[in-house]
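Structure assessment
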Amino acid sequence: PLYDSVPEVTQEHFMRLALTGPDQLRQRVAWALHKIWVVSGVEVTRSDALVVYHRILLNGAFGTYRQLMSDITYNPAMGRYLNMLNS
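Report on the accompanying structure. (Residues numbered from 1 in each chain as written. Predicted model: local features only at pLDDT ≥ 70, side-chain atom pairs only at ≥ 80, totals over all residues. Heavy atoms only, no water.)

Two elements in contact, helix H1 (residues 7–20) and helix H2 (residues 24–36), have axes whose closest approach is 7 Å; the angle formed by their N-to-C orientations is 135 degrees. Considering the angle they form, H1 stands oblique to H2. With respect to the hand of their crossing, H1 and H2 are arranged in left-handed fashion. Contacts between H1 and H2 pair Phe14, Met15, Leu17, Ala18, Leu19 and Thr20 from the former with Gln24, Gln27, Arg28, Ala30, Trp31 and His34 from the latter. Partitioned by chemical class, the residues of the contact of H1 with H2 number 7 nonpolar, 4 polar and 1 charged. (Axes fitted to C-alpha atoms, helices over the stretch in contact; angles between N-to-C directions. Helix = DSSP H or I, 4+ residues; strand = E, 2+ residues; numbered from the N terminus. Parallel < 35°, antiparallel > 145°, perpendicular 65-115°, else oblique. Left-handed = near helix turned anticlockwise from the far one by under 90°. Contact = heavy atoms within 4.5 Å. Nonpolar A, V, L, I, M, F, W, Y, C, P; charged D, E, K, R; others polar.)

Structure (structure tokens):
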């Protein structure tokens, strides 16, 4: 599945869901949030981190922005993208 695939496959799956998923509003809100809260497949090379990141966006699509900001901030994919370790 997605946890074991390369990041490109995970990103393509997320995009495909945003275009054809059964819950279009949630998918498209998550896609818009993905454009605000960006992580890069170049920096984040683990698909499992990207899957968790995408699920946070999907779960937070209709939640509060404050909770989403907290969840994304502590997400390992965002930490890897921002290079918190070497800051």
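This brings us to the pattern of salt bridges. Opposite charge on two side chains permits pairing when their charged atoms draw close. For the structure on display, the rule yields 2 salt bridges. For Asp23, the salt bridge goes to Arg26, with nearest N and O atoms at 4.0 Å. Assessed through its relative accessible area of 28%, Arg26 is described here as partly exposed. For the salt bridge of Asp48 with Arg46, the shortest nitrogen-to-oxygen distance reads 2.5 Å. You can call Asp48 partly exposed: its relative accessible area is 23%. (Salt bridge = Lys/Arg side-chain N within 4 Å of Asp/Glu carboxyl O. Buried < 20%, exposed > 50% of the residue type's maximum accessible area, 1.4 Å probe, protein only.)

As far as function goes, none of this settles anything; it's purely spatial.
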